[in-house]
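The lines below spell out each chain.
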Amino acid sequence: MSSPLTDLFPHPIVQAPMAGGVSLPQLVAAVSEAGGLGFLAAGYKTADGMYQEIKQLRGLTGRPFGVNVFMPQPEYAESGAVEVYAHQLAGEAAWYETELGDPDSGRDDGYDAKLAVLLDNPVPVVSFHFGVPSRDVLDSFRRAGTFTLVTATTAEEARAVERAGADAVIAQGVEAGGHQGTHRDLPENDGAGIGLLSLVAQIREAVSIPVVAAGGIMRGSQIAAVLAAGASAAQLGTAFLATPESGAQVVHKQALTNPLFARTELTRAFSGRPARGLVNRFLREHGPYAPAAYPEIHHLTSPLRKAAAKAGDAQGMALWAGQGHRLARELPAGELVAVLAAELDAARTALSAKGGLR
C-alpha cells in the first residue's frame, strides 16, 4: 500500500530506533542506502549529541532517514520504592565496583531542545515513543516537511495518535524487544500486551492513517503477513541488532542465538518500565521487585549496566531482544535488507499462486 511514508523508501522495511548506542549512523545509513528506512535513536542523548549524529549520517547517505524522540515522563511520587530498590541493588554495585546512579537525573530527556534542533534542521521522518506529542508540535513538523509517527500498543492509543495529528502510527506488539511504548505506564496492565497481528487488525479498523507494524519480525514472510493484515510497512529492531554496523555490545549480539538465553521476558528490572529482554541473572533476581518508576530506575541502574558491559558480563546487562531473537542473522545491514526484501517477494509470490492475494 503506497502512502506518503512508504513513498520515501522502496522496501517496506523500517529499522527500529534502538536507544543506548545501537542505532549508529553507519547502521542507519546502510539500511537507508539499501532501500529501507533507517532510524537514529535520540533517546538518552543530549540535543547536541543527536545533532552531531544527524550531521554524520547526512555525510553517509542522501537517502531519507528518521530520528526517534522519547516523550517527557510524568512525575513519580513514590520515592520510597526507588530507595528500597536501590538498597536491594547495593550488592550489585559492590560486585561491579561502581556506584549506583542518581535516580533524579532528569525526566524529559532533553525533549524541548531536541524538538528545536529537529525543527531548525528538518529531517525526513521523526517518531515518538512513550506518549503522544501535542497537536502544535505535530503541526510544526508538518510545516517543516517532516513526516511524523507515534508508537501505540492498543487501538485506543492509536486513536489518540490520530487525533493529535500524526501522519502514521507504529503498532507495537507485545513481542517487541526493548521498551513497550505505552502512553501511560500502569502496573495493573503488566502482562496484558497484545500480539502484533491482532493489534494491527484492531488498529487498522480504528484509524485511517497508515500503520507500521513492529514486534518480533525477523523474516520477509512475517513482513508479508503484517502487510496482508493491513500494515503499510514493518519495523524491525532485533533483526538489525546482530549486524556489524550495530553498536550493540559483542556479548549482546552473541547472546541472541546463545542457547544459554532461551527466552525473553518483559521486565522493569533495568529501567522501571516494561521492556523485553533476554532472561539473565539480573532480570531473574531483581525483576519481581523493581518498581514502576521510569526513568528513575533507568538512571539508578545505568552504572551497573555499563560496568557489566565493560566486564563482558551478559548476566548483568540489559539484553534487549524481541521474541524472534533466535532467528537473528549476522549479515551486513544492507545485505539483510536485500535478503528480507527477497523473502518478502517470495512470500507474496507464493500467496498469489495459492490465491491468497488478489
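Structure first, text after, so check above.
Everything in this summary refers to the structure shown in the same document. Bear in mind that the values here come from a model prediction, so they are computed numbers and not experimental data.

So, how was this worked out
Residues numbered from 1 in each chain as written. Predicted model: local features only at pLDDT ≥ 70, side-chain atom pairs only at ≥ 80, totals over all residues. Heavy atoms only, no water. Axes fitted to C-alpha atoms, helices over the stretch in contact; angles between N-to-C directions. Helix = DSSP H or I, 4+ residues; strand = E, 2+ residues; numbered from the N terminus. Left-handed = near helix turned anticlockwise from the far one by under 90°. Contact = heavy atoms within 4.5 Å. Nonpolar A, V, L, I, M, F, W, Y, C, P; charged D, E, K, R; others polar. Buried < 20%, exposed > 50% of the residue type's maximum accessible area, 1.4 Å probe, protein only. Salt bridge = Lys/Arg side-chain N within 4 Å of Asp/Glu carboxyl O. Pairing = 2+ DSSP bridges. Expected span 1.5 Å × (residues − 1). Bend = angle between axes of the 7 residues up to and from the residue.

**Digging into the packing of helix α1 (residues 25-33) against helix α14 (residues 333-353)**
Then, in step 1: In the contact formed by α1 and α14, the axes pass within 8 Å of each other and the chain directions differ by 35 degrees. Here the hand of the crossing between α1 and α14 comes out right-handed. Every residue of α14 that contacts α1 at L27, A30 and V31 is listed here: A333, G334 and V337.
Then, in step 2: Of the residues assigned to the contact of α1 with α14, the class counts are 5 nonpolar, 1 polar and no charged.

**Description of the side chain of S127**
Then, in step 1: With respect to the helices, strands and loops of the structure, S127 is situated in strand β4 (residues 125-129).
Then, in step 2: Take S127: its relative accessible area is 2%, and that puts it in the buried class.

**A few points about the pattern of salt bridges**
Then, in step 1: For the coordinates displayed, the defined rule picks out 11 salt bridges.
Then, in step 2: Put simply, D167 and R142 hold a salt bridge, and the shortest N to O gap is 3.0 Å. Taken together, the positions of D167 in the loop between α7 (155-164) and β6 (168-172) and R142 in helix α6 (residues 135-143) put the pair 25 residues apart, joining distant regions of the chain.
Then, in step 3: For D167, a relative accessible area of 19% gives the class buried.
Then, in step 4: The partly exposed category is assigned to R142, whose relative accessible area is 38%.
Then, in step 5: Of the charged contacts in the structure, one is a salt bridge between E265 and R263, with a shortest N-O distance of 2.9 Å.
Then, in step 6: Members of the salt-bridge network, linked through shared partners, are E92, R281 and E285.

**What about the pairing of strand β2 (residues 38-41)?**
Then, in step 1: Side chains G38 and L40 project from β2 onto one buried face, and the interleaved F39 and A41 project onto a second face that is buried too.
Then, in step 2: With 4 bridges joining them, β2 and strand β3 (residues 65-70) adopt parallel strand pairing. Across the sheet, residue G38 finds its bridge partner in β3, namely F65.

**Some points on helix α13 (residues 296-311)**
Then, in step 1: In a regular helix each residue adds 1.5 Å, so 16 residues correspond to 22 Å; α13 covers 24 Å between its end C-alpha atoms and thus fits that length.
Then, in step 2: Along its length, α13 shows its largest kink, about 40 degrees, at S302, and proline P303 lies within four residues downstream of that point.
Then, in step 3: Every buried residue of α13 is listed here: E296, I297, H298, H299, L300, T301, S302, L304, R305, A307, A308 and A309.
Then, in step 4: In this structure, the buried residues of α13 make contact with α3 (79-88), α4 (90-95) and α12 (281-286).
Then, in step 5: Just downstream of α13, G312 is the residue with a positive phi angle, here 70 degrees.

**Focus: α7**
Each turn of an α-helix holds 3.6 residues, which means side chains three or four residues apart point in the same direction.
Then, in step 1: Along α7, the positions that sit buried rather than exposed are A155, E157, A158, V161 and A164.
Then, in step 2: Those residues of α7 that are buried lie in contact with α6, β5 (147-152), β6 and α8 (196-206).
Then, in step 3: Backbone geometry just after α7 places G165 at a positive phi near 100 degrees.

**Observations concerning the pairing of β6**
Then, in step 1: Judged by how many residues are buried, β6 sits mostly within the fold: 5 of 5 residues are covered.
Then, in step 2: Side-chain alternation along β6 places A168, I170 and Q172 on one buried face and V169 and A171 on a second face that is also buried.
Then, in step 3: Examined bridge by bridge, β5 and β6 share 4 bridges and lie parallel to one another. From the neighbouring strand, T151 faces β6, where its bridge partner is I170.

**Concerning the sheet that holds strand β11 (residues 275-278)**
Then, in step 1: Strand order in this open sheet of 3 strands is β7-β11-β10, and the pairing throughout is antiparallel. Bordering the open sheet on either side are β7 (178-179) and β10 (264-267), each of which pairs with just one other strand.
Then, in step 2: In terms of strand pairing, β7 meets β11 through 2 bridges, oriented antiparallel. Residue pairing in the sheet places G178 in a bridge with R276 of β11.

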